[in-house]
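# Commentary on secondary and tertiary structure
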Amino acid sequence: MAYLSHIDYLKHAVEISKEARTSGNTPFGALLVDKEGNIIMEQPNIEITENICNGHAEATLAARASQKYSKAFLWDCTLYTTAEPCVMCAGTIYWANIGRVVFGMTERRLLELTGSNEQNPTFDLPCREVFARGQKDITVIGPIPEIEIIAAEVHKGFWD
């Protein structure tokens, strides 16, 4: 399926985050789009336990994509995500060689929603700063205010 705008892809990512929440997981979702605009992979957050600490949607998607596609192919892809990638996710995106990231809500906004919940101890380190320390010119677009509002809605009541 191909959409026409960042808003459309991000709305789809929000739907994935709703599925994650319905499944009992933290409410985050991501998808990968090729250079023609086709959604080639989707990923909700998966269960994060003491044995699986890295089930974030973005890191899981980037790792899966790196197993399936070449680095050259992934450089022309865009990862869409409901919330700004954390340090771990940004690092995984970097190593997978995904060339563009578009997100709805900032990490700081997420911290406002989660508070000091031990299940999601957020960093105060924007993904742009993480990528800027590397050798790749990864494009980052976001936050997208319209999506920030609907992405935050999915979190209401979850972190209480």
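Here is a short report on the structure shown in this document. (Residues numbered from 1 in each chain as written. Predicted model: local features only at pLDDT ≥ 70, side-chain atom pairs only at ≥ 80, totals over all residues. Heavy atoms only, no water.)

### Notes on the pattern of salt bridges
Pairing between side chains of opposite charge can happen when their charged atoms approach one another. Across all of its chains, the model carries three salt bridges by this definition. For Glu146, the salt bridge goes to Lys11, with nearest N and O atoms at 3.4 Å. On the criterion of sequence distance, the pair formed by Glu146 in helix H7 (residues 145–155) and Lys11 in helix H1 (residues 6–22) is long-range, its members being 135 residues apart. For Glu146, a relative accessible area of 41% gives the class partly exposed. Assessed through its relative accessible area of 37%, Lys11 is described here as partly exposed. A salt bridge links Glu15 to Lys18; the shortest N-O distance between them is 3.1 Å. Of this pair, Glu15 and Lys18 both sit in helix H1, three residues apart, which is roughly one turn of the helix. Judged by relative accessible area, Lys18 falls into the partly exposed class, the value being 38%. (Salt bridge = Lys/Arg side-chain N within 4 Å of Asp/Glu carboxyl O. Helix = DSSP H or I, 4+ residues; strand = E, 2+ residues; numbered from the N terminus. Buried < 20%, exposed > 50% of the residue type's maximum accessible area, 1.4 Å probe, protein only.)

### Some remarks on the nonpolar core
Side chains of nonpolar character tend, in soluble globular proteins, to be buried together. Among the nonpolar cores identified, the biggest contains 23 residues, and Leu32, Leu74, Leu79, Ile93, Ile98 and Phe131 are the most heavily contacted of them. For this core, the secondary-structure elements that each account for two or more residues are strand S1 (29–33), helix H2 (57–68), helix H4 (87–96), strand S4 (100–105) and helix H6 (127–132). Among all residues touching Phe131, those that are not within four sequence positions of it are Ala90, Ile93, Tyr94, Val101, Lys136, Ile138 and Val140. (Core = buried A, V, L, I, M, F, W, Y, C linked by side-chain atoms within 4.5 Å. Contact = heavy atoms within 4.5 Å.)

### Describing the environment of Tyr94
As for its position among the elements, Tyr94 is in helix H4. Exposure remark for Tyr94: the relative accessible area of 13% places this residue in the buried category. Separated by 32 residues in the primary sequence, Tyr94 and Ala62 place their C-alpha atoms 8.8 Å from one another. For Tyr94, the contacting residues outside a window of four places in its chain are Phe131, Gly134, Gln135, Lys136 and Ile138.

### Re the sheet that holds S1
Read from one edge of the open sheet, five strands run S2-S1-S3-S4-S5, paired in mixed fashion. Each edge of the sheet is formed by a strand with only one pairing partner; in this case those strands are strand S2 (39–44) and strand S5 (139–141). Between one strand axis and the next, the sheet turns by 15 degrees as a mean value, whatever way the strands run. Here S1 runs beside strand S3 (residues 78–83); their pairing, made up of four bridges, is antiparallel. Within S3, the position partnered with Leu32 by the bridge is Leu79. (Pairing = 2+ DSSP bridges. Axes fitted to C-alpha atoms, helices over the stretch in contact; angles between N-to-C directions.)

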